[in-house]
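Here is how the chains run, residue by residue.
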Amino acid sequence: METTLNNVAIEKVKNSKIHDVDFDNLSFGSVYTDHMLVCDYKDGKWMAPKIVPYQPITLDPSAKIFHYGQSIFEGMKAYKDEDGKVWLFRPLENFKRFNKSAERLAIPELPESHFMDGLLALINLESDWVPQNPGSSLYIRPFMFASGKGFHASPANEYKFIIACAPSGSYFSGKVKVLIEETYSRAANGGVGYAKAGGNYAGQFYPTKLAAEKGYQQVIWTDDNTHEFIEEAGAMNVFVRINDTLMTAPTSDRILDGITRKSILDIANDMGIKTEVRKISVHELVEAANNGTLKEMFGAGTAAVVSPISGFGYHGKDYELPEVTNSYADQLKKRITDIQYNRAEDKFGWRYPVE
Ligand SMILES: *Cc1c(COP(=O)(O)O)cnc(C)c1O
């Protein structure tokens, strides 16, 4: 059946899969909704986006994504409130960052209307798939890659933009023990670290596997030049609390400008928590851990919101963080999720209705 929503053409599935899904036992990002948004770039322009049944994609073996890795993505969520109304969180920030990533990977930028109209039409159509259980949400994965052919090492002339969605349960996996990385780097000066480029994550897997073999669940990335300053926690931004000051590293071309990161900074400032955006040295962390002033460390990102860290390893030694009551991590997570799920006033204007 062909219809349109928000000017986006829709080809609907004949039979929905929704009744096969156990919404009480969702893991993260492994069940997909009935439909996806697809948009092609060819002959120098982006075609109209359309919604089609979720399905595999056929690509030529010479498609440049396979050889030269022109591939970027975003991660966002749709939240259902108590009344069943669906909300997004700062979606224009994702759109802007998507195009920043596109520019860096020499992928043609996408018009705002293609992203926003397509996204809203898709989430509207899939609104029954947005779970309502506490902590659960519809994870949304916009991505874009070189589908054009050719073994020549140059940007492709054809691309695909797709949005796929996965109903997901709460991401909380307990506190993680992290290893401060002294050998490998996630990103380098002048590189692509600030872009959500697929290759950044491919490059993280091996050092993360080595850390896992030593008993650490995550890596704390340090600057590539000296390995003396902490930059990110796995694929999340990193926060540190020393005494009562909350700190995070300044963004740079090595650090992903996280939407959760900047929302946390705004909320913390609004709550009267002292914040500092500055370089944080490993030396300072070790000293604070030794003298008892290191109170908390956590990662921040859309998937987990905040991911508390139990301790870190550095130079073959483990440092444990104390159990703190009323932690900043818990308070900030509550504040931000209360806004996302429409349980609290949204004084920053971050909620975005899907209608
Ligand atoms: C996506 C991502 C983040 C978090 O960004 P959010 O907008 O908060 O989801 C942080 N660091 C890296 C490396 C990321 O890929």
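Residues numbered from 1 in each chain as written. Predicted model: local features only at pLDDT ≥ 70, side-chain atom pairs only at ≥ 80, totals over all residues. Heavy atoms only, no water.

Assigned secondary structure in the chain consists of 7 helices and 20 strands. Rg of the C-alpha trace for the chain: 21 Å, near the compact-globule value of 20 Å for 355 residues, within the 12% margin. The principal-axis extent of the C-alpha atoms belonging to the chain is close to 65 × 55 × 35 Å. Looking at the chain residue by residue over its 355 residues, the buried ones come to 52%. Considering only residue pairs separated by 6 or more positions, the chain has 71% of its internal contacts joining residues 24 or more positions apart. Only carbon and sulfur atoms are counted for the fraction: they give 49% of the accessible area of the chain, which is about 16300 Å². Counting 39 positive and 46 negative side-chain charges, the chain places the centres of these two groups 1 Å from one another. (Helix = DSSP H or I, 4+ residues; strand = E, 2+ residues; numbered from the N terminus. Rg over C-alpha atoms; globule rule 2.2 N^0.38 Å. Buried < 20%, exposed > 50% of the residue type's maximum accessible area, 1.4 Å probe, protein only. Contact = heavy atoms within 4.5 Å. Areas by Shrake-Rupley, 256 points an atom, 1.4 Å probe, with all protein chains shown as cover. Lys, Arg positive; Asp, Glu negative; His and termini not counted. Charge placed at Lys NZ, Arg CZ, Asp CG, Glu CD.)

The next thing to look at is the site of the ligand. Within the structure, the ligand sits among 14 residues, and Lys 196, Tyr 201, Glu 232, Thr 260 and Thr 302 are positioned closest to it. The separation between an oxygen atom of the ligand and a polar side-chain atom of Lys 196 is 2.8 Å. Measuring from an oxygen atom of the ligand, one finds a backbone N or O atom of Ile 259 at 2.8 Å. Broken down by secondary-structure element, the contributors of at least two residues to the shell around the ligand are strand S14 (236–242) and helix H5 (259–271). A breakdown of the residues in the shell around the ligand according to their chemical character gives 5 nonpolar, 5 polar and 4 charged. (Near = heavy atom within 4 Å. Polar contact = N/O pair within 3.5 Å; in protein donor to acceptor, adjacent residues only side chain to side chain. Nonpolar A, V, L, I, M, F, W, Y, C, P; charged D, E, K, R; others polar.)

Here we take up helix H7 (residues 328–340). Counted at 1.5 Å a residue, the expected span for H7 with its 13 residues is 18 Å, and the 18 Å between its end C-alpha atoms agrees. Residues Tyr 328, Ala 329, Leu 332, Ile 336, Thr 337, Asp 338, Ile 339 and Gln 340 constitute the buried set of H7. Asn 342 sits one or two positions beyond H7 and adopts a positive phi of about 60°. (Expected span 1.5 Å × (residues − 1).)

Buried within helix H6 (residues 282–291) we find Val 282, Leu 285, Val 286 and Ala 288. Each buried residue of H6 lies within a common arc of 165° when the element is viewed along its axis, so the set occupies one face. Turned more than 90 degrees from where H6 packs its buried face, His 283 and Asn 290 sit exposed. Downstream of H6 by one or two residues, Gly 292 has phi in the positive range, about 80°. (Arc of directions from axis to C-beta.)

A word on the pairing of strand S5 (residues 50–53). One ladder, built from 2 bridges, connects strand S2 (residues 8–11) with S5; its direction is parallel. Among the inter-strand pairings, Ile 10 is bridged to a residue of S5, identified as Ile 51. (Pairing = 2+ DSSP bridges.)

Annotation of the chain at the domain level lists domain 1 (2–168) and domain 2 (176–340). A straight line from the C-alpha centre of domain 1 to that of domain 2 covers 28 Å. The interface is formed by 19 residues belonging to domain 1 together with 20 residues belonging to domain 2. Carbon and sulfur atoms supply 59% of the area buried between domain 1 and domain 2, which totals about 1800 Å² over both sides. Of all residues in domain 1, Phe 89, Arg 97 and Arg 104 bury the most surface against domain 2, accounting for 34% of the area lost on that side. We note a salt bridge from Lys 262 to Glu 93, for which the minimum N-O separation is 3.0 Å. (Domains from an automatic or database assignment. Buried area = accessible area lost by both parts, 1.4 Å probe. Salt bridge = Lys/Arg side-chain N within 4 Å of Asp/Glu carboxyl O.)

Let us now look at the nonpolar core. Grouped together as the largest cluster of nonpolar side chains are 42 residues, with contacts concentrated most on Phe 115, Leu 119, Ile 123, Ile 140 and Phe 161. Those elements that place two or more of their residues in this core are S2, strand S3 (35–42), strand S7 (76–80), strand S8 (86–89), helix H2 (91–104), helix H3 (112–125), strand S9 (137–146) and strand S10 (159–168). Ranked by the residues each element gives to this core, the list is headed by H3, at 7 residues. Those residues in contact with Leu 119 that sit more than four places away from it in its chain are Met 76, Leu 88, Pro 91, Ile 140 and Ile 163. (Core = buried A, V, L, I, M, F, W, Y, C linked by side-chain atoms within 4.5 Å.)

Turning to the pattern of salt bridges, a few remarks are in order. Throughout the structure, instances matching the rule amount to 19 salt bridges. Here Lys 160 makes a salt bridge to Asp 40, at a shortest N to O gap of 2.8 Å. In this pair, Lys 160 is assigned in strand S10 and Asp 40 in strand S3, connecting sequence segments 120 residues apart. Of the two residues, Lys 160 and Asp 40, neither departs from the other in class, the shared state being buried. Its salt-bridge partner being Asp 270, residue Lys 347 comes within 2.9 Å of it at the nearest N-O pair. In this pair, Lys 347 sits in the loop between H7 and strand S20 (351–353) while Asp 270 sits in helix H5, placing the two residues 77 residues apart along the sequence. Of the residues examined, Asp 270 reaches a relative accessible area of 36% and is grouped as partly exposed.

This part takes up the packing of H5 against H7. At their nearest, the axes of H5 and H7 sit 10 Å apart, and the two run at 105° to each other. Taken as axis vectors, H5 and H7 run roughly perpendicular relative to one another. In this structure, H5 contributes Thr 260, Ser 263, Ile 264, Ile 267, Ala 268, Asp 270 and Met 271 to the contact, and H7 contributes Gln 331, Leu 332, Arg 335, Ile 336 and Ile 339. For the contact of H5 with H7, the per-class residue count stands at 7 nonpolar, 3 polar and 2 charged. (Axes fitted to C-alpha atoms, helices over the stretch in contact; angles between N-to-C directions. Parallel < 35°, antiparallel > 145°, perpendicular 65-115°, else oblique.)

Our next topic: the packing of aromatic side chains. Following the criterion strictly, the structure yields 17 aromatic pairs and no others. Between the aromatic rings of Tyr 79 and Tyr 341, the centroid separation amounts to 5.0 Å while the plane-to-plane angle is 75°, which identifies the pairing as edge-to-face. Here the residue Tyr 79 occupies a position in strand S7, and Tyr 341 occupies one in the loop between H7 and S20, the gap between them amounting to 262 residues. Here Tyr 341 falls in the buried class, since its relative accessible area comes to 9%. (Phe/Tyr/Trp six-rings, centres within 6.5 Å; stacked < 30°, edge-to-face > 60°.)

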